[in-house]
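Next come the chains, spelled out residue by residue.
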There are 2 protein chains.
Amino acid sequence: MIASNKLRQFTQEVFLACGMPLPDAILAADVLIAADLRGIDSHGVARLSGYVRLHEAGRANMHAKHQIIHQTPSTATIDADGGLGLVVAPKAMDLAIEKAEQVGTGWVAIQHSNHFGIAAYHAMKALPKNMIGISMTNASPLVAPTHSKERMLGTNPICIAIPAGKEWPFVLDMASSAAANGKLEIAQRLEKDIPLGWVQTQSGEPSTNANELKHGGALLPLGGHKGYGLAAAVDILSGVLSGANFGPWVPPFVAFLNPLPDLPGKGIGHFLGAMRIDAFRPASDFNHQMDLWINRFKNAERIDANQEVLIPGEPEYRLTLQREKEGIPLHPSVASDLQKLAEKFGLSL
Amino acid sequence: MIASNKLRQFTQEVFLACGMPLPDAILAADVLIAADLRGIDSHGVARLSGYVRLHEAGRANMHAKHQIIHQTPSTATIDADGGLGLVVAPKAMDLAIEKAEQVGTGWVAIQHSNHFGIAAYHAMKALPKNMIGISMTNASPLVAPTHSKERMLGTNPICIAIPAGKEWPFVLDMASSAAANGKLEIAQRLEKDIPLGWVQTQSGEPSTNANELKHGGALLPLGGHKGYGLAAAVDILSGVLSGANFGPWVPPFVAFLNPLPDLPGKGIGHFLGAMRIDAFRPASDFNHQMDLWINRFKNAERIDANQEVLIPGEPEYRLTLQREKEGIPLHPSVASDLQKLAEKFGLSL
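Residues numbered from 1 in each chain as written. Chains lettered and ligands numbered in written order. Predicted model: local features only at pLDDT ≥ 70, side-chain atom pairs only at ≥ 80, totals over all residues. Heavy atoms only, no water.

**With respect to the packing of helix α1 (residues 4–17) of chain B against helix α2 (residues 22–38) of chain B**
What describes two packed helices is the angle between their axes and the distance between those same axes.
All names here are of chain B.
So, step 1. Two elements in contact, α1 and α2, have axes whose closest approach is 8 Å; the angle formed by their N-to-C orientations is 135°. With respect to α2, the axis of α1 lies oblique. Relative to α2, α1 is oriented so that their crossing is right-handed. The segment α1 lies against α2, with Ser4, Leu7, Arg8, Thr11, Gln12, Phe15 and Leu16 engaging Leu22, Ala25, Ile26, Ala28, Ala29, Asp30, Leu32, Ile33, Asp36 and Leu37.
So, step 2. Residue composition of the contact of α1 with α2, by class: eleven nonpolar, three polar and three charged. (Axes fitted to C-alpha atoms, helices over the stretch in contact; angles between N-to-C directions. Helix = DSSP H or I, 4+ residues; strand = E, 2+ residues; numbered from the N terminus. Parallel < 35°, antiparallel > 145°, perpendicular 65-115°, else oblique. Left-handed = near helix turned anticlockwise from the far one by under 90°. Contact = heavy atoms within 4.5 Å. Nonpolar A, V, L, I, M, F, W, Y, C, P; charged D, E, K, R; others polar.)

This is the structure:
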């Protein structure tokens with residue numbers, strides 16, 4: 001267990017040691033710590049050494065200067081200059097919010113980026129402005145389209161964050177695959193089988209083996225062909241609309257795999273949006289009715305009296321409160337990973 | 001088998017006989033026939049008598065005059081005046097397109113509406129303008145949230161239509177439930193079991209009984225809690241943002257069930273959007289790369305050499321070509337339903 005502020009400070013120092021300017025290091029660290037606070041441990045400091053390796057492989061620009069390369073009153077496209085999505089995505093979200101303030105909604109496509117951490121961080125930036133936030137990204141190809149044995153799509157997450165009144169906001173942040181890779185890793189550590197429907201073998205057979213990806217298998221899309229369609233739509237909005245890479249050409253996050261030759265675009269892509277509530281109806285009416293929506297669903301008749309009906313985002317809000325107070329638990333392998341980073345950069349953790 | 005133009009003409013005449021003005025009857029008929037042409041038989045003329053019964057029950061306004069009740073440069077909210085979604089949604093999509101022409105994107109929320117037919121019809125209106133179209137709606141509560149036995153959400157579909165170059169556009173039109181009600185009806189007719197994961201019993205147990213909904217059971221969301229989150233997001237954007245009803249208060253499509261008392265909103269709700277491609281990048285670059293995207297996915301390595309990898313929307317484009325030429329097959333129960341409408345209104349079919 002480690003205090004979140006101590007972990008945040010350390011994470012900043014690692015990014016600084018990689019040559020990132022201070023404001024960007026603060027931002028990148030905040031995105032990673034937000035993941036750990038929310039309990040999305042796979043996307044927090046567990047990935048810090050991965051970002052460092054991308055930098056060392058010359059595949060992440062730590063002093064990237066993003067630019068707007070195309071825009072209209074409600075849209076923009078940003079070239080992230082090969083930097084981390086952790087840094088450019090929050091800045092792009094600020095631009096989406098600014099455009100929404102002007103004309104009701106704002107939409108920003110981003111090319112030439114790298115992994116942006118948890119989607120929720122970016123979408124949730126809209127909440128204090130009483131706006132709906134939307135974020136999505138494409139990612140390293142691991143998921144097979146329906147009827148194919150080839151890895152063509154990432155776990156391509158979608159997040160929508162919706163403000164309420166007195167209640168916690170509604171924050172849906174989901175991969176478009178049946179299960180995220182992190183869930184497979186948990187089963188691997190426990191040496192347990194996984195449910196049918198999560199992965200297939202290299203030849204496309206159903207499998208319950210949590211190690212299937214290491215043997216050339218693929219993740220499966222959420223609920224079959226519909227999840228394939230969703231993942232594809234996220235890939236097109238994030239990759240094709242922005243001018244980034246898409247489908248099997250999305251550069252892998254892991255530094256030991258090289259991008260394919262003859263890439264059709266630049267880096268990986270994201271797509272972000274912000275919609276002002278009062279661009280559609282008086283904000284107080286909406287906030288009041290969101291509270292009604294939330295309370296009605298929380299009180300939906302339970303199957304098991306001891307298992308409550310949850311609102312998307314609710315478990316993460318609860319965990320954030322707990323971890324801000326009690327600290328963040330680190331898996332031994334993550335703790336040792338961070339220790340190695342501390343030694344490499346002469347930092348203390 | 002019946003020629004699509006003959007069926008279209010008959011459908012228009014039925015709407016005219018219900019008191020709908022000619023331009024609106026032409027539009028409503030076009031939406032229904034588009035569903036039959038695309039092979040979404042459950043949403044085509046099979047529903048015509050349902051719309052007539054809603055009208056007869058005083059729950060659908062056949063001479064509705066919609067109005068814009070709120071707007072910004074990129075957004076609007078429309079009161080559909082209790083009319084059919086079949087009529088107001090295409091008109092609202094025209095407004096979204098107009099706004100996108102002005103400021104890059106356009107987004108329209110609709111309250112006080114009724115069932116809008118297939119989501120794809122509305123989103124696809126963006127395609128000839130080289131825009132991305134988005135449409136969604138809430139619907140009669142049939143789906144239970146995760147951990148609940150209560151029917152709280154509709155099959156709440158989402159459609160995204162994306163233009164390509166030489167290839168057919170990408171058109172994903174999917175319910176956010178594991179299976180649409182129409183699939184259960186097919187299994188009922190064949191007296192076959194359905195896969196686990198589609199429905200649960202009244203007490204929340206998994207079931208393979210295609211008749212479970214008639215015994216108080218519920219449909220299940222796509223892929224578990226993620227589908228619940230998606231359906232909920234569609235409900236909030238369509239219902240809460242527009243000022244329509246939401247969740248369990250969405251008025252039922254079937255005229256023999258009455259809406260609940262003390263409704264929090266007006267009618268059912270939709271949410272539509274249009275995004276200009278050239279608001280993000282030069283349109284020809286995008287169209288060219290969409291063709292590359294489509295061809296790469298169509299050529300993804302197959303599991304079974306005889307089962308091709310499909311692009312969302314592809315089967316519907318093929319079927320439309322076929323049915324425009326060969327005619328639309330009518331299930332005997334639908335044919336007899338239409339015959340009764342013909343007799344009721346003194347029309348010939």
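Structure's up, so let's keep going.
**Considering the domain arrangement of chain A**
So, step 1. Per the domain assignment, the segments of chain A are domain 1 (1–63 + 313–349), domain 2 (64–177 + 221–312) and domain 3 (179–220).
So, step 2. A separation of 27 Å is found between the C-alpha centroids of domain 1 of chain A and domain 3 of chain A. (Domains from an automatic or database assignment.)

**Description of the sheet that holds strand β7 (residues 199–200) of chain A**
Residues and elements named next belong to chain A.
So, step 1. With antiparallel pairing, three strands are arranged side by side in an open sheet as β8-β7-β9. Bordering the open sheet on either side are β8 (206–207) and β9 (218–219), each of which pairs with just one other strand.
So, step 2. Here two bridges tie β7 to β8, and the two strands are oriented antiparallel to one another. For Val199, the partnering residue across the bridge sits in β8 and is Ser207. (Pairing = 2+ DSSP bridges.)

**Looking at the interface of chain B and chain A**
So, step 1. Facing 80 residues of chain B, the contacting portion of chain A comprises 80 residues.
So, step 2. Carbon and sulfur atoms supply 70% of the area buried between chain B and chain A, which totals about 6,600 Å² over both sides.
So, step 3. A salt bridge links Glu150 of chain A to Arg296 of chain B, with the nearest nitrogen and oxygen atoms 2.5 Å apart.
So, step 4. The tally of links from chain B across to chain A stands at 36 residue pairs in polar contact (both at pLDDT 80 or more).
So, step 5. For the side of chain B that touches chain A, the secondary-structure elements that each account for two or more residues are β1 (67–72), β2 (75–79), β3 (105–113), β5 (158–162), β6 (170–174), α7 (225–240), β10 (268–276) and α8 (283–298) of chain B.
So, step 6. If you tally residues by element for the side of chain B that touches chain A, the top one is α7 of chain B, at ten residues. (Buried area = accessible area lost by both parts, 1.4 Å probe. Salt bridge = Lys/Arg side-chain N within 4 Å of Asp/Glu carboxyl O. Polar contact = N/O pair within 3.5 Å; in protein donor to acceptor, adjacent residues only side chain to side chain.)

**Some words on a nonpolar patch on the surface**
Residue and element names in this part refer to chain A.
So, step 1. The grouping of Leu16, Leu22 and Ile26 at the surface amounts to a nonpolar patch, some 240 Å² of accessible area in total.
So, step 2. With respect to the helices and strands, Ile26 occurs in helix α2 (residues 22–38).
So, step 3. The class for Ile26 is partly exposed, based on a relative accessible area of 38%. (Patch = residues over 30% accessible without salt bridge, like charges linked within 9 Å, V, L, I, M, F, W, Y side chains within 5 Å. Areas by Shrake-Rupley, 256 points an atom, 1.4 Å probe, with all protein chains shown as cover. Buried < 20%, exposed > 50% of the residue type's maximum accessible area, 1.4 Å probe, protein only.)

**Digging into the pairing of strand β2 (residues 75–79) of chain A**
All names here are of chain A.
So, step 1. Across the five residues of β2, five count as buried, placing the element largely inside the fold.
So, step 2. Across the two faces of β2 the burial is the same, with Thr75, Thr77 and Asp79 and Ala76 and Ile78 all buried.
So, step 3. In the sheet, strand β1 (residues 67–72) pairs with β2 via five bridges, with the strands oriented antiparallel. The residue of β2 that forms the bridge with Gln71 is Ala76.
So, step 4. Where β1 folds back on β2, the antiparallel hairpin that results is connected by two residues.
So, step 5. Taken together, β2, helix α4 (residues 85–103) and strand β3 (residues 105–113) form a β-α-β motif whose crossover is right-handed. (Right-handed = clockwise from strand over helix to strand, strands pointing away.)

**Here we look at the relation of the copies chain B and chain A**
So, step 1. Mapping chain B onto chain A calls for a screw motion: a turn of 180° about the axis and a shift of 0.0 Å along it, with 0.0 Å RMSD after fitting. Within this description, the copies of the chain are treated as partners about a two-fold rotation axis. Among all residues of chain B, the one whose C-alpha sits closest to the rotation axis is Gly223 of chain B, at a distance of 2.3 Å. (Least-squares fit on C-alpha atoms with pLDDT ≥ 70 in both.)

**What about the nonpolar core?**
So, step 1. Membership of the largest hydrophobic core comes to 102 residues, with the highest contact counts inside it found for Phe170 and Trp293 of chain A together with Phe170 and Trp293 of chain B.
So, step 2. Once residues within four sequence positions are removed from consideration, Trp293 of chain B is found in contact with Ala232, Asp235, Ile236, Val240 and Phe246 of chain A together with Phe170 and Ile311 of chain B. (Core = buried A, V, L, I, M, F, W, Y, C linked by side-chain atoms within 4.5 Å.)

**Quick notes on the sheet that holds strand β7 (residues 199–200) of chain B**
Residues and elements named next belong to chain B.
So, step 1. Strands sit in the order β8-β7-β9 across an open sheet of three strands; the sheet is antiparallel. Whereas interior strands pair on both sides, the edge strands pair on one side only; in this sheet they are β8 (206–207) and β9 (218–219).
So, step 2. Across two bridges, β7 lies against β9 in antiparallel orientation. Its bridge partner being in β9, Gln200 is matched across the sheet by Ala218.

**Structural notes on the pattern of salt bridges**
So, step 1. Taken as a whole and judged by the stated rule, the model has 22 salt bridges over all chains.
So, step 2. Taking the shortest distance from any N to any O, the salt bridge between Asp30 of chain A and Arg8 of chain A comes out at 2.3 Å. Taken as a pair, Asp30 of chain A in helix α2 and Arg8 of chain A in helix α1 (residues 4–17) lie far apart in primary sequence, 22 residues in all.
So, step 3. Where Arg318 of chain B meets Glu314 of chain B, a salt bridge forms, and the shortest distance between an N and an O atom there is 2.6 Å. You can see Arg318 of chain B and its partner Glu314 of chain B sitting in helix α9 (residues 314–326), four residues apart, about one turn around the helix.
So, step 4. Among the ionic contacts, a cluster of salt bridges with common partners joins Lys298, Glu308, Glu314 and Arg318 of chain A.

**Re the side chain of Ser140 of chain B**
Residue and element names in this part refer to chain B.
So, step 1. Position of Ser140 relative to the elements: it lies in the loop between β4 (131–137) and β5.
So, step 2. Among the polar contacts listed, one links the side chain of Ser140 to the backbone nitrogen of Phe253, at a separation of 2.9 Å.
So, step 3. Not counting chain neighbours up to four residues away, the residues in contact with Ser140 comprise Leu153, Gly154, Val250, Pro251, Pro252 and Phe253.

**Points about unusual backbone geometry**
Trans peptide bonds make up the majority, and among non-glycine residues the majority have a negative phi.
Residues and elements named next belong to chain A.
So, step 1. A positive phi is found at Asp81, a non-glycine position, where the angle reads about 60°.
So, step 2. With respect to the helices, strands and loops of the structure, Asp81 is situated in the loop between β2 and α4.
So, step 3. Positive phi, close to 65°, is recorded for His112, a residue that is not glycine.
So, step 4. Tracing the sequence through the fold places His112 in strand β3.

**Some points on the environment of Thr155 of chain B**
Residue and element names in this part refer to chain B.
So, step 1. Take Thr155: it is sitting in the loop between β4 and β5.
So, step 2. Taking the C-alpha atoms as reference, Thr155 lies 8.3 Å from Ala179; in sequence the two are 24 residues apart.
So, step 3. Once residues lying within four places of it in the same chain are set aside, the contact partners of Thr155 are Ala139, Val143, Ala175, Ser176, Ser177 and Leu219.

**Remarks on the side chain of Ser242 of chain B**
Residues and elements named next belong to chain B.
So, step 1. Note on placement: Ser242 falls in the loop between α7 and β10.
So, step 2. A distance of 3.3 Å separates the side chain of Ser242 from the backbone oxygen of Ile110, its partner in a polar contact.
So, step 3. Of the polar contacts made by the side chain of Ser242, one reaches the backbone oxygen of Gly239; its length is 3.2 Å.
So, step 4. Apart from the residues within four sequence positions on either side, Ser242 is in contact with Thr77, Ala109, Ile110, Gln111, Leu237 and Gly269.

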